[in-house]
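Here's the letter readout for the chains.
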Amino acid sequence: MMNTRALQLIAVGLAAGLALAAWARAEEPPSKDQAPPNVNLRFKRYMSGTETCLTCHGDYNIITTRGAQKNESLWVSSDRFLGSVHSRLGCTSCHTNIEGHGHRLAQVETNSTNAVQPGEKPASIDAGALAALDEKVGGRFKREPALVACANCHPEQFNVYITSVHGNAVVGEGNSDPPWCIDCHGWHYILPSSDERALTNPANIPNTCKRCHAQTEIKRRYGLTKNVVETFGDSFHARRGEMGRGEIAVCTSCHGWHDIYAPEDPRSKVNKNRVSETCGECHQGAQINFASAFTHGEVSRTELVGIYAVTQIHKWMIVGIIGPLVFLVFVHLLKNLRERGALKRTSKP
Amino acid sequence: MNDQPIGAVPLGTLLPAKPAAAARTAAQQQRMYTRFNIHQRLQHFLLVFSFLGLMTTGMPLRFPELAICRMFIGLLGGPEAVGIIHRCLGLIMATSGAYHITYLIVMWFKGHRKHEILFTPLDFNLFLDDMKFFFGLRKEPPRFGRYNWREKFDYFGACFGVALMVATGLVIWFPQIVTWVLPGWTVTAAVLLHEYEALLAGLAIFLSHFYWVHLNPDVYPMSMVWLTGQISEDDLKQQHPLEYEEIKERERLAAEAALQAPAAAAGEEVAQ
């Protein structure tokens, strides 16, 4: 017979364990509902002219035959396009002007219900900025017409974007380096940010930003902070992300999405006036000092010297203490084994 | 031999026994001396328990990029659960430290104010002699007291380690509160210190301490002092000769006093 006291103890222990497990599970975010792909899309596609375009552009071997981008692929994967958020829109919703690109028959039907007619601009868009952009585009950059196309349907995002550090450089200065809509969201295969494969999915955001912010040439040209990718990778945020499950803070959580400004800009989420509010989104009660605990600064002889000293002292402590200790262990073991005759040669030549 | 633990067999068959060590098997028949009392053993046990737990939960939290660490985190119920367990174990480690300080204070008020564990200038000579003995420049091992230089070093290392880990751990646990008064870089420094000190302590325990108390052929498979608190007369004589002599001297004085006391009492009676 097992005594009842022991049984009680086991029961209490099990209950405590279950409660702990339940608590740990409770913080798991609800699974994002992913709508099943609409099978009728394949039929709707006929209405928008997409099928007509894909007759040629759905061929893997299609390339340009002339111009500066000679031999560049013009292939669009129909499967991936139909899986994207814009599958309902026809090609001509974005490619509003395809005359002069080798299309003799440019009379493509654009009668999709969601498509914006070429030339038509929603009233809410910053008309002046778009007009200025239209003027500036003038075919100078291959990407700029795409920005206009996006702005047609997404004026709110566009209006914020053109004030940001990226958008201002693109639209205001005509710089081709900073990212456009398509650089972060993708081209033909844009997925919702809740999709694991999306470039804008929180799990993929560091990789998306990394494409420019880890480039030595880009960092040098614009005087960007050097080790943003590495320091983020060493942070608790990144480590928590690698463990999986649950939301973590990535680049955009602190710096913003379309509204990224230089840290000195008062509109920036990481400006010293707003940073405690930004951290406070997750860390209740965070103050300005708290924010400075997370820094992209490099720990070196010139930067963050106090922390550098701490790490160096401890590093040499490890070498200076563990080294002799292990050495003594070896010496003692050899001495002890020799005394026992364990190291003597047993066989004679 | 039936009284040997199973684990003792492999190394035991590899190593010829030392003639002197063969006598150790008859340790049960020897007189035993108390080396550590129940409070000291409890403190050590709390430290062992929390240390091993903190190591096994802390390493996966630090290196989630390794698949085995992620597997272990999943096994324990996810990152949040591992974090909670790690904090609880940290509190146990802090408890062992608090227990020790309380113990020292109580002992102080009970009049026990001389601590053998403290370093003395003599330790430096003993250390040099020990090194000479290690490298064969000296035939006889140095004669240690209750604690040799390595044990003293272990003790103060543990004190420093626990104090630092508990302090930095609390800073990482409550960064918002800490940064109300302290600058932000203290949190960054605390994280780094916590990591380096964990590495230092882990290496010291697993590579050095475990050798001296487990794998060392003289005590293999394990010195039982940390569980029983008892040390045999032979071991005491061999490892801590000065302490052994002190105990013998104390016993001799006590015996003499006991002999004289009845005589004195008898003398008093006669005088009356």
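Residues numbered from 1 in each chain as written. Chains lettered and ligands numbered in written order. Predicted model: local features only at pLDDT ≥ 70, side-chain atom pairs only at ≥ 80, totals over all residues.

Chemist: Any details on the overall build of chain A? Residues and values, ideally.
Modeler: On a plain count of helices and strands, chain A comes out with 18 helices and zero strands. For chain A, the share of sequence-separated contacts (at least 6 apart) that also reach a separation of at least 24 residues comes to 46%. (Helix = DSSP H or I, 4+ residues; strand = E, 2+ residues; numbered from the N terminus. Contact = placed C-beta atoms within 7 Å.)

Chemist: Go over the domain arrangement of chain B, please, and point to the residues and values.
Modeler: All names here are of chain B. If you check the domain split of chain B, you get domain 1 (37-114), domain 2 (148-230) and domain 3 (235-272). The straight-line distance from the C-alpha centre of domain 1 to that of domain 2 is 10 Å. With 13 residues of domain 1 in contact, the opposing surface of domain 2 contributes 13 residues. The biggest single contributor to the side of domain 1 that touches domain 2 is helix α3 (residues 38-62), with seven residues. When grouped by side-chain class, the residues that make up the side of domain 1 that touches domain 2 number five nonpolar, five polar and three charged. (Domains from an automatic or database assignment. Nonpolar A, V, L, I, M, F, W, Y, C, P; charged D, E, K, R; others polar.)

Chemist: Describe helix α6 (residues 121-134) of chain B, and please don't skip the residues or the numbers.
Modeler: Relative to the 20 Å expected for 14 residues at 1.5 Å per residue, α6(B) spans 21 Å between its end C-alpha atoms, a close match to the ideal helical length. Directly after α6(B), the chain includes B:Gly136, whose backbone phi takes a positive value near 75°. (Expected span 1.5 Å × (residues − 1).)

Chemist: Which residues make up the domain arrangement of chain A, and what values go with them?
Modeler: All names here are of chain A. Parsing chain A into structural domains produces domain 1 (43-115), domain 2 (121-190), domain 3 (193-296) and domain 4 (298-327). With 11 residues of domain 2 at the contact, the number on the domain 3 side is 10 residues. Of all the secondary structure elements, the ones that give two or more residues to the side of domain 2 that touches domain 3 are α8 (155-161), α9 (165-172) and α10 (181-185). Element by element, the count of residues in the side of domain 2 that touches domain 3 is highest for α8, at three residues.

Chemist: Which residues make up the packing of helix α18 (residues 305-339) of chain A against helix α9 (residues 185-215) of chain B, and what values do they have?
Modeler: Close contact between α18(A) and α9(B) brings their axes to 10 Å; oriented N to C, the two are set at 0°. Considered as vectors, α18(A) and α9(B) are oriented roughly parallel to each other. Split into classes, the residues belonging to the contact of α18(A) with α9(B) amount to 20 nonpolar, five polar and one charged. (Axes fitted to C-alpha atoms, helices over the stretch in contact; angles between N-to-C directions. Parallel < 35°, antiparallel > 145°, perpendicular 65-115°, else oblique.)

Chemist: So what's going on with the interface of chain A and chain B? Which residues, and what values?
Modeler: Facing 43 residues of chain A, the contacting portion of chain B comprises 37 residues. Among the elements that make up the side of chain A that touches chain B, the one with the highest residue count is α18(A) (19 residues). Residue classes in the side of chain A that touches chain B are distributed as 21 nonpolar, 13 polar and nine charged.

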